[in-house]
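Chains, contacts and geometry: an overview
Take a look at the letters that make up each chain.
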Amino acid sequence: MAAPTFRKVGVMGAGAVGCFYGAMLARAGHAVTLIGRTEHVQAVRARGLQLEMAGARHTVALAADEDVAALHGADLVLCCVKSGDTEAVAQQMAPHLAPAALVMSLQNGVDNAATLARGLPCRVLPTVVYVAVAMAGPGQVRHFGRGDLAIGALPGGTGSSVPEWPTLQAVVAFFASAQVPVRIVPDVAVELWAKLLVNCAYNAISALAQMPYARLAATPDICTLQEEIVQEVIAVAAASGVTLSLKSSLDAVSRIAASMPQQLSSTAQDMARRKPSEIDHLNGYIARRGRELGVSTPVNRTLHALVKLVESGYDAS
């Protein structure tokens, strides 16, 4: 199979992650279209996308639209919507994507790529995202650290839904042209679960406390709590057929605080804006999967319940 050429890039769900990678690709001269909310789209059209990175502000010219039909003709789509919207978004995108297109799932959680693959006529690539970013306002994205990606085909896919090796290599080269490092990993399921584990260790606690990662890591009782979260996630992963090392997992949790000390979790950012979060697909997923498999997850279940309690009060106040 010949390696694909990516001439038109669409970003479905132009939040912080989508805007960052869309901006990086557009800065490198690639044609990028952001699909997002009205206020954000209008700001990008009027002033360009404002990218704050490494102490400087960059104005990035790229297309923006509210209509998913703007994805028509895209060779590559970065799907960056919240996990709860994945199934609906797949249905919206499907009529506009050709079988030769490639959709990359740049989303939290472990099952979004499979959900997309069930609803789309094209190949879907699970993508693990390691970046600290936040929206600073309509048309403004702020970068705090990292930006690398990991990719790999999920086992068990069928036919044209599974990207082949030349496609993976083409993705690496394409993002390298935009100074975005991409690793091809032999078992992307392990990488997805490892990222979920880190999210479970930080997101809910950062959200409930409205504190950045460094503050959590500097509090011994929170570190103990995080270790209990990690042990539960490892147990659920093992029951799901994925093996994670306790030492490597705890090291990864420590590294995140060191590499992104001032980062507030995406759940914390959602909570600060009184928006629904992805907690159902993070600690909530572990609690739900644990129940299905007979694995006890009291800490993850408690954190999920507390975040949902806060969210339930958004409309009441």
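A brief structural summary. (Residues numbered from 1 in each chain as written. Predicted model: local features only at pLDDT ≥ 70, side-chain atom pairs only at ≥ 80, totals over all residues. Heavy atoms only, no water.)

**Details of empty space enclosed by the protein**
The probe, sized like a water molecule, is rolled over the atoms to show the empty space still left. The condition that has to hold: Site definitions follow a grid-based scheme: protein atoms alone, a 1 Å grid, a 1.4 Å probe that fits but cannot get out for cavities, and for pockets an open set with protein on both sides within 12 Å along at least five of seven lines, plus lining residues having an atom within 4 Å of a point. Grid points are joined across faces, edges and corners, and a volume is the space filled by probe spheres set on the points. The secondary structure listing takes helices from DSSP runs of H or I that are at least 4 residues long and strands from runs of E that are at least 2 residues long, numbered from the N terminus. Under the scheme applied here, ten amino acids are nonpolar (Ala, Val, Leu, Ile, Met, Phe, Trp, Tyr, Cys and Pro), four are charged (Asp, Glu, Lys and Arg), and all others, including Gly, are polar.
Applying the stated criterion across every chain yields a total of 2 cavities of 30 Å³ or more. Computed from the structure, the largest cavity encloses a volume of approximately 50 Å³. Surrounding the largest cavity, S105, Q107, G109, V110, D111, N112, A113, P126, T127 and L192 form its lining. Mapped onto the lining of the largest cavity, the elements with two or more residues apiece are α4 (112-119) and β8 (123-137). Of the residues in the lining of the largest cavity, the class split is 4 nonpolar, 5 polar and 1 charged. Each pocket or cavity is described by its volume, and for the second largest cavity that value is around 40 Å³. Forming the walls of the second largest cavity are Q107, N108, G109, T127, V128, V129, L192, K195 and L196. Mapped by element, the contributors of at least two residues to the lining of the second largest cavity are β8 and α6 (188-209). Among the residues forming the lining of the second largest cavity, the class breakdown is 4 nonpolar, 4 polar and 1 charged.

**Considerations on the state of the cysteines**
Here is the rule we go by: In what follows, a disulfide is any cysteine sulfur pair within 2.5 Å. We call a residue buried when its accessible area falls under 20% of the maximum for its residue type, exposed when it is over 50%, and partly exposed in between, using a 1.4 Å probe and counting protein chains only.
Scanning the model with the defined rule gives 0 disulfides in all. Its sulfur unpaired, C19 is 8.7 Å from the next cysteine sulfur, which belongs to C80. With no disulfide of its own, C80 lies closest to C79 among cysteine sulfurs, the gap being 6.7 Å. According to the relative accessible area criterion, C80 is buried, its value standing at 14%.

**Considering α4**
Selection rule: In this description, the arc belongs to the directions extending from the helix axis to the C-beta atoms. Residue contacts follow a heavy-atom distance rule, with two residues in contact if any of their heavy atoms lie within 4.5 Å.
Every buried residue of α4 is listed here: N112, A113, T115 and L116. In a view along the axis of α4, the buried residues occupy a sector of 160°, so they form one face of it. On its buried face, α4 sits against β6 (76-79), α3 (86-93), β7 (102-105) and β8.

**Quick notes on the packing of aromatic side chains**
Let me state the cut-off plainly: Any pair of Phe, Tyr and Trp rings, taking the six-membered ring for Trp, is counted once the centres come within 6.5 Å. Such a pair is stacked with planes under 30 degrees apart, edge-to-face with planes over 60 apart, and tilted for the rest. Geometrically, a lysine NZ or arginine CZ counts as sitting over a ring once it is within 6 Å of the ring centre and also within 35 degrees of the ring normal.
Taken as a whole and judged by the stated rule, the model has 5 aromatic pairs. Ring geometry for F174 and F175: centres 6.0 Å apart, planes at 90°, overall edge-to-face. Both residues of the pair, F174 and F175, count as buried. Ring-pair connections join several aromatic residues into one group, and the members of that group are F6, F174 and F175. If you follow K195 out to its NZ or CZ, it ends over the ring of Y130, 5.8 Å from the centre.

**Describing the side chain of D148**
The following threshold applies: We call two N or O atoms a polar contact when they sit within 3.5 Å, provided that within protein one can donate a hydrogen and the other can accept it, with sequence-adjacent residues counted only if both atoms are side-chain atoms.
Assignment of secondary structure puts D148 in strand β9 (residues 140-151). Here the side chain of D148 touches R146 through a polar contact of 2.9 Å, side chain to side chain. Apart from the residues within four sequence positions on either side, D148 is in contact with Y21, V128, V129, Y130 and P181.

**Points about the nonpolar core**
Definition in use: Among the buried residues, those of types Ala, Val, Leu, Ile, Met, Phe, Trp, Tyr and Cys that are joined through side-chain atoms within 4.5 Å form a nonpolar core.
Core analysis: the biggest nonpolar cluster contains 45 residues, and W193, L196, L197, Y202 and I286 have the highest contact counts within it. Of all the secondary structure elements, the ones that give two or more residues to this core are β8, α6, α7 (213-217), α8 (220-239), α9 (246-259), α10 (266-272), α11 (283-293) and α12 (298-312). No other element matches the 12 residues that α6 contributes to this core. When neighbours within four sequence positions are excluded, L196 is seen to be in contact with V110, H281, L282, Y285 and I286. If you look at the next biggest cluster of nonpolar residues, it comprises 44 residues, including L34, L125, M135 and L168.

**Observations regarding the pattern of salt bridges**
Heads up, the rule is: We define a salt bridge as a side-chain nitrogen of Lys or Arg found within 4 Å of a carboxyl oxygen belonging to Asp or Glu.
Scanning the model with the defined rule gives 10 salt bridges in all. Linking E52 and R57 is a salt bridge whose minimum nitrogen-to-oxygen distance equals 2.9 Å. Here R57 falls in the partly exposed class, since its relative accessible area comes to 48%. One salt bridge in this structure joins D251 and K247, with 2.9 Å as the shortest N-O distance.

**Here's the deal with the layout of surface pockets**
Space inside the largest pocket adds up to approximately 1300 Å³. Around the largest pocket, the lining comprises 44 residues; the ones closest to its centre are G15, A16, V17, C80 and K82. Taken together, the elements giving at least two residues each to the lining of the largest pocket come down to α1 (16-27), α2 (38-47), β8, α6 and α10. Of the residues forming the lining of the largest pocket, the biggest block, 6 residues, is contributed by β8. Residues that form the lining of the largest pocket fall into these classes: 21 nonpolar, 14 polar and 9 charged.

Interpretation in functional terms is not warranted from these geometric data alone.
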